[in-house]
Amino acid sequence: AQSVSQHNHHVILSEAASLELGCNYSYGGTVNLFWYVQYPGQHLQLLLKYFSGDPLVKGIKGFEAEFIKSKFSFNLRKPSVQWSDTAEYFCAVNAMGNSNYQLIWGAGTKLIIKP
Amino acid sequence: KAGVTQTPRYLIKTRGQQVTLSCSPISGHRSVSWYQQTPGQGLQFLFEYFSETQRNKGNFPGRFSGRQFSNSRSEMNVSTLELGDSALYLCASSNDRERYGYTFGSGTRLTVV
């Protein structure tokens, strides 16, 4: 069965630090990839998505992610985090060609930015 | 434009009862998906409805059911509630061009006692 792994469950950084959150999936075929974010007290929001084309995807609020097919990875990055980036981040994968068109979610990474 | 609206926001039910949750999608979105979110299991897919038809279903028991109306509003029902059904139930809508580019609602927090 397809699965999505987010290796870091909790990350604590200081403001202005660089961020990279890992996401790996297990599926050998074509995938659509997503990062969602849940700010404290708010609903889940789409941060960025990859369907095809340029493997470097830019999203909202200065976030970007790179799809590396050979590594089955879609890591989220931000060069300089802010206190307002404190949130929980979820990676999700849709395995194209899978007859059960589910979006498979990672367990989430809680990011805390120290001011 | 209005977001995805879920009602009620909070519910407390007793074991064995049933519950119905409601979701109104963004105008123009015909796909509605339901998820269960718990600290231990994370986000688990329940089902997806599109044009009043269940298009996809997760691995939940038959006690969990749903439906969609002609105006795309959706309801999910859980019968014979168990303590383990306590969770945040999220509804997400999308248009068919970007099927998983979800817009989520704030959720319904269900507590079963």
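Keep in mind that what you see is a predicted model, and the values were worked out from it rather than measured.

## Notes on the interface of chain A and chain B
Contact residues are listed per partner, giving 15 residues for chain A and 16 residues for chain B. Carbon and sulfur atoms supply 57% of the area buried between chain A and chain B, which totals about 1400 Å² over both sides. The interface formed by chain A and chain B holds 0 salt bridges in total. At the junction of chain A with chain B, the criterion picks out 2 residue pairs in polar contact (both at pLDDT 80 or more). When residues of the side of chain A that touches chain B are traced back to their parent elements, those giving at least two are β5 (31-38), β6 (45-50), β10 (87-95) and β11 (103-105) of chain A. Tallying contributions element by element places β5 of chain A first for the side of chain A that touches chain B, with 3 residues.

## Re the environment of Arg15 of chain B
Residues and elements named next belong to chain B. Relative to the assigned elements, Arg15 resides in the loop between β2 (10-13) and β3 (19-24). Classification of Arg15 by relative accessible area gives exposed; the value is 55%. Separated by 67 residues in the primary sequence, Arg15 and Glu82 have C-alpha atoms spaced 5.3 Å apart. Once residues lying within four places of it in the same chain are set aside, the contact partners of Arg15 are Leu81, Glu82, Leu83, Val112 and Val113.

## Looking at the state of the cysteines
Two cysteines whose sulfur atoms are joined by a covalent bond form what is called a disulfide. All names here are of chain A. Inspection of the entire model under this criterion finds 2 disulfides over all chains. Here Cys23 connects covalently by a disulfide to Cys91, the sulfurs 1.9 Å from one another. Looking down the S-S bond of the Cys23 and Cys91 bridge, the torsion is -65°, so its handedness is left-handed. One end of the pair, Cys23, is in the loop between β3 (19-21) and β4 (24-25); the other, Cys91, is in strand β10, with 68 residues separating them in the sequence. Here Cys23 falls in the buried class, since its relative accessible area comes to 0%.

Rules of the game
Residues numbered from 1 in each chain as written. Chains lettered and ligands numbered in written order. Predicted model: local features only at pLDDT ≥ 70, side-chain atom pairs only at ≥ 80, totals over all residues. Heavy atoms only, no water. Contact = heavy atoms within 4.5 Å. Buried area = accessible area lost by both parts, 1.4 Å probe. Salt bridge = Lys/Arg side-chain N within 4 Å of Asp/Glu carboxyl O. Polar contact = N/O pair within 3.5 Å; in protein donor to acceptor, adjacent residues only side chain to side chain. Helix = DSSP H or I, 4+ residues; strand = E, 2+ residues; numbered from the N terminus. Buried < 20%, exposed > 50% of the residue type's maximum accessible area, 1.4 Å probe, protein only. Disulfide = S-S within 2.5 Å.

By themselves, these are just geometric observations and shouldn't be taken as functional.
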